[in-house]
Amino acid sequence: MSNDVTRRDFLKSMALSAAAAAAATVIPGVAFAGVNPMKKDGLNWHKAPCRFCGTGCGLLIGIKNGRAVAVKGDPASPVNRGLCCVKGYHSIETLYAKDRLKKAMVRKNGKLVEVELEEALDLIAKRFKDTIEKHGKDAVAMYGSGQWAIVDGYAASKFMKGGIGTNNLEANARLCMASAVTGFLTGFGMDEPMGCYQDLDIADVFVMWGNNMAEMHPVLFSRILENRRKNPHVKIIDLCTRLTRTSEAADTVMVFNPQTDLAIANAICHELVKHNWLDWNFIKKHTLFKKGKTNIGYGLEDKFAFKDKLSEMSFEEFKKSIEKYTPEYVEELSGVPAEQIRYLAGLYGNPNLKVMSLWCMGMNQHTRGTWINNLVYNIHLLTGKISKPGNSPFSLTGQPSACGTVREVGTLTHKLPYGVVMSEKARKKAAKIWKIPVERIDPKPSNHTMAMFRALDRGDIRTIWIQCTNPMVTLPKLNRYRDGAKKEDRFIIVSDIYPTRTTEIADVVLPAAMWIEREGFFGNAERRTQHHIKMVEPPSRDCLSDMEQIIEVARRMGLGELFDYPQETITRDLFEEYRQFHDNTGHDIAPYDELVARPGVQWPYVNGKEVPWRYNEEYDPFCKPGSMFDFYGNKSTHRAHIIFRPYEPPPEIPDEEYPMWLTTGRIVEHWHTGSMTRRVPDLYRAAPEAYIEIHPDDAAEMRISEGDLVAVISRRGKVKARAVINGRGKPPRGTVFVPFFDENLLINEVTLDAYCPISKQPDYKKAAVRIERIGYARQAL
Amino acid sequence: MAICSYLAYAMDGQTEQLRAELEALEGCVEVREAEQHDVLIFVTDTPSKKADMALQEKLSHLPSLKCLALIFMSRPEMLQPKGASV
Ligand code: SF4
């Protein structure tokens with residue numbers, strides 16, 4: 001902050017909010033006189049969804065003299081009811097770090113130099129046009145983000161697919177949510193969860209499938225803890241590959257060998273079938289048994305192609321397929337004792353218990369990510385524990401609008417705002433709304449994220465525009481993709497708010513307006529769309545929103561008619577245009593005015609009513625009358641799919657040369673690559689650098705002590721990190737963990753770029769590495 | 001030196017007295033009372049370590065205070081944002 005008084009004021013306001021939030025966790029419903037945002041504190045308070053994770057907490061931002069000076073949880077938000085995590089409380093500080101990008105930059109004679117915004121925008125438009133002319137429309141690409149506001153993603157889709165006519169549009173949500181999407185689509189024909197956060201207050205059993213919710217989704221986890229405090233029979237089961245803060249809070253912890261969650265899920269199904277803990281009524285009326293292809297590969301080769309095909313199977317065939325997954329067999333594979341597997345199956349199988357399964361990156365960043373999503377749905381479908389209050393398989397999300405922007409707008413190569421590019425009906429609908437000739441929309445998907453950066457390396461893509469994300473930290477096997485991006489005749493445009501490892505390699509850098517510096521919308525993990533107004537000015541006139549940057553370039557390319565709305569209302573107009581895609585589809589989104597007035601509205605939103613539980617006739621007006629449950633996403637059958645998927649090993653497992661598993665992830669203080677949270681003093685101080693967690697026995701064997709400098713070496717690269725033994729996370733023997741928030745410790749130089757062949761989402765949780773001590777604790781890194 | 005917030009629980013029926021005692025302390029910025037509960041939010045801002053210690057000492061002797069939980073502490077002077085090295 002620019003002056004100490006403002007900063008102290010901010011801290012005091014934060015101290016007050018934090019205490020109010022803490023009180024609410026121990027005394028439900030407690031309210032404090034005067035901690036009412038609308039009261040006389042001299043601030044103007046406005047609502048906004050949090051800038052960070054996919055929980056989508058509602059915040060109230062206090063504005064004074066044109067600056068955001070205070071933040072507190074919005075008590076009116078049904079998501080967080082006034083609570084926030086440490087990132088939310090510090091969110092407004094991410095606006096004001098001193099190295100905020102304020103001027104456009106263009107690389108000249110090898111160096112990035114500041115230029116007028118007009119020059120940079122002209123250059124981008126020229127480079128796009130030249131590349132298309134010389135190499136074709138598929139030589140340009142755009143790579144965005146689940147942090148894009150909904151209108152940014154929509155503008156990108158219209159520009160790339162409806163304007164240029166290329167499907168080279170992807171977003172970083174491919175790296176975090178794609179397996180959840182394909183899990184939903186293969187099982188239910190429609191994306192996104194059937195349940196909602198209310199399930200957290202209702203369920204009796206919570207099963208965390210490889211998910212450190214205490215750190216990654218702390219506000220939602222606090223709802224589970226509160227449920228357990230009030231209802232002592234409530235159980236939390238932590239299925240994990242390393243002990244975390246979630247394990248500390250869990251009633252039962254089951255540590256499994258990486259990848260064997262596939263086998264565990266099948267073993268649970270095996271037990272359910274063996275003991276007939278099945279809801280036959282539900283199975284017969286609402287499900288179909290299916291199987292897909294097996295031995296499907298790992299996507300390691302360039303131009304890898306795979307298409308799954310589901311075929312029917314009978315219940316008897318399904319039973320035969322899971323026969324070998326006895327608890328004893330799976331104990332051998334997974335390391336989880338057979339008794340624990342039986343116990344878990346018993347919880348799912350008990351008709352008197354409501355069970356919620358929760359997952360995030362552990363299941364999604366998986367070379368069989370789609371499969372493990374399918375398998376967890378199988379458990380819920382076999383027991384009929386789905387689409388009912390408290391019975392809910394629930395995929396959590398990592399980014400504030402991975403759902404709202406990437407999944408719902410469809411900023412992925414195969415998608416349109418409604419439907420897929422391969423569908424003539426979807427293309428016609430898009431062409432009509434966009435007022436373009438239908439032929440302009442390419443019916444063939446081009447490059448998913450990994451293929452896109454491989455194409456950039458090979459030279460099939462020459463110009464790429466990266467907005468609101470930091471792939472030069474997040475891509476697996478990073479050395480290849482960084483070297484590829486730096487090759488001769490590659491042109492990299494980066495829009496961001498701070499210098500990052502990605503702006504380092506850029507030819508043009510555009511400074512962006514972020515979050516409450518412009519009007520926007522996010523969509524969270526429970527299908528809730530949230531709006532915020534522009535509350536403060538960006539740090540310079542050159543900082544445009546991502547949407548405005550796209551429109552400016554489109555105009556320069558002669559595609560201005562795509563965005564022919566008045567400047568003052570364009571956000572509203574584009575949003576209302578986008579809403580047309582979802583009218584009467586089961587994905588009906590609340591109108592702009594409704595979103596402005598309320599702290600978020602869930603879709604489908606029909607006749608003024610939200611749908612908390614989809615596919616359940618009691619709550620969902622899209623269900624056929626009398627059906628009770630109707631999985632209408634599978635249009636021809638209206639049934640959900642129970643899909644048999646086997647256990648298959650990962651592509652790389654520890655061996656003599658690389659004897660340990662490496663798993664990567666996040667910590668509560670930092671958000672993704674840390675480009676924002678590492679600039680917040682309190683958060684930086686709380687976790688200044690990344691580290692490597694090692695089991696004490698492994699450390700002793702390798703003579704590694706706390707704080708020693710170690711090298712983490714894989715077939716792809718080598719990084720250095722300080723050893724942490726018995727830290728907040730405790731990996732089992734043979735496994736190490738490194739968080740990825742630190743741009744000075746690029747752990748993705750070590751990870752493997754294998755991906756799920758169905759979702760194309762890479763696996764950041766399993767690579768084989770060797771650890772070597774290279775320095776003692778006292779030596780500098 | 002530090003900006004802190006606490007949850008302060010009052011002895012039975014002594015919320016008003018606790019409020020008055022907290023407000024009288026040097027370093028007190030704000031006291032907010034819960035509606036229908038014997039708990040208060042207490043925000044402090046002390047200029048030095050000495051003032052901080054004096055405040056802690058006084059807090060430990062307040063007759064109407066049943067229990068005090070530190071929720072938030074920040075030392076603005078000590079915070080050095082480093083950000084990225086690029
Ligand atoms: S839990 Fe997520 S959405 Fe909520 S305050 Fe924290 S980072 Fe923001």
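Note that the coordinates shown come from a computational prediction; the quantities given were computed from them, not determined experimentally.

## Focus on the domain arrangement of chain A
By a widely used convention, the size of an interface equals the accessible area lost when the partners come together. Residue and element names in this part refer to chain A. Examined at the domain level, chain A breaks down into domain 1 (1–30), domain 2 (115–171 + 403–526 + 539–588), domain 3 (178–296 + 314–396 + 639–644) and domain 4 (660–775). Computed over C-alpha atoms only, the centres of domain 2 and domain 3 are separated by 35 Å. Across the contact, eight residues belong to domain 2 and twelve residues belong to domain 3. At the boundary of domain 2 with domain 3, total buried surface from both sides reaches about 770 Å², with 48% on carbon and sulfur atoms. Interface area lost by domain 2 to domain 3 is led by R407, A525 and E526, which between them contribute 73%. Viewed at the interface, domain 3 and domain 2 are joined by one salt bridge. The tally of links between domain 2 and domain 3 comes to two residue pairs in polar contact (both at pLDDT 80 or more). Its residues placed into classes, the side of domain 2 that touches domain 3 shows two nonpolar, three polar and three charged.

## Topic: the site of the ligand
Surrounding the ligand, one finds C50(A), F52(A), C53(A), T55(A), G56(A), C57(A), C85(A), K87(A), G88(A) and V219(A). A breakdown of the residues in the shell around the ligand according to their chemical character gives six nonpolar, three polar and one charged.

## Re the sheet that holds strand β19 (residues 528–532) of chain A
All names here are of chain A. Pairing is antiparallel in the open sheet, where three strands are placed in the order β18-β19-β20. The sheet is open, and its two borders are formed by β18 (520–523) and β20 (601–602), each paired with just one other strand. In this structure, β18 lies alongside β19, joined through four bridges in antiparallel fashion. Counterpart to F521 in the pairing with β19 is H531.

## Regarding the packing of helix α10 (residues 261–274) of chain A against helix α14 (residues 338–349) of chain A
Residues and elements named next belong to chain A. Interaxial distance between α10 and α14 falls to 9 Å at its minimum, and their mutual angle equals 60 degrees. Classified by the angle between their axes, α10 and α14 sit oblique to one another. Regarding α10 and α14, the two cross each other, and that crossing is right-handed. Where α10 abuts α14, its residues A267, I268, E271 and L272 lie against I341, R342, L344, A345, Y348 and G349. A class-by-class count of the residues in the contact of α10 with α14 yields seven nonpolar, one polar and two charged.

## Observations regarding the pattern of salt bridges
Residues and elements named next belong to chain A. Scanning the model with the defined rule gives 61 salt bridges over all chains in all. The partner of E517 in a salt bridge is R100, with the nearest N and O atoms 2.8 Å apart. One end of the pair, E517, is in the loop between β17 (508–511) and β18; the other, R100, is in the loop between α2 (86–89) and β4 (104–108), and 417 residues separate them in sequence. In this pair, the class of E517 matches that of R100, namely buried. Of the charged contacts in the structure, one is a salt bridge between R556 and D122, with a shortest N-O distance of 2.6 Å. Note that R556 is positioned in helix α22 (residues 546–556) and D122 in helix α3 (residues 117–135), a separation of 434 residues in sequence. With a relative accessible area of 42%, D122 lands in the partly exposed category. Here the residues in one salt-bridge network are D302, R454, D457, R458, D460, R480, K487 and D753, joined through shared partners.

## A short note on the environment of A51(B)
All names here are of chain B. Along the chain, A51 turns up in helix α2 (residues 49–59). Classification of A51 as partly exposed rests on a relative accessible area of 23%. Here the alpha-carbon distance between A51 and L40, two residues eleven residues apart in the chain, equals 22 Å.

## A closer look at the pairing of strand β24 (residues 709–713) of chain A
Residues and elements named next belong to chain A. In terms of residue burial, β24 counts as a mostly covered element, since five of its five residues are buried. A two-sided burial pattern is seen for β24, the buried positions comprising L709, A711 and I713 on one face and V710 and V712 on the other. Of the strand pairs in this sheet, β24 and strand β27 (residues 767–775) are connected by five bridges, and their pairing is antiparallel. Residue pairing across strands places A711 opposite E772, the latter belonging to β27. In terms of strand pairing, β24 meets strand β25 (residues 718–725) through five bridges, oriented antiparallel. Each residue of the ladder has a partner; that of V712, found in β25, is V719. Connecting β24 to the next strand, β25, in antiparallel fashion are four residues.

Thresholds applied
- Residues numbered from 1 in each chain as written.
- Chains lettered and ligands numbered in written order.
- Predicted model: local features only at pLDDT ≥ 70, side-chain atom pairs only at ≥ 80, totals over all residues.
- Heavy atoms only, no water.
- Domains from an automatic or database assignment.
- Contact = heavy atoms within 4.5 Å.
- Buried area = accessible area lost by both parts, 1.4 Å probe.
- Salt bridge = Lys/Arg side-chain N within 4 Å of Asp/Glu carboxyl O.
- Polar contact = N/O pair within 3.5 Å; in protein donor to acceptor, adjacent residues only side chain to side chain.
- Nonpolar A, V, L, I, M, F, W, Y, C, P; charged D, E, K, R; others polar.
- Near = heavy atom within 4 Å.
- Pairing = 2+ DSSP bridges.
- Helix = DSSP H or I, 4+ residues; strand = E, 2+ residues; numbered from the N terminus.
- Axes fitted to C-alpha atoms, helices over the stretch in contact; angles between N-to-C directions.
- Parallel < 35°, antiparallel > 145°, perpendicular 65-115°, else oblique.
- Left-handed = near helix turned anticlockwise from the far one by under 90°.
- Buried < 20%, exposed > 50% of the residue type's maximum accessible area, 1.4 Å probe, protein only.

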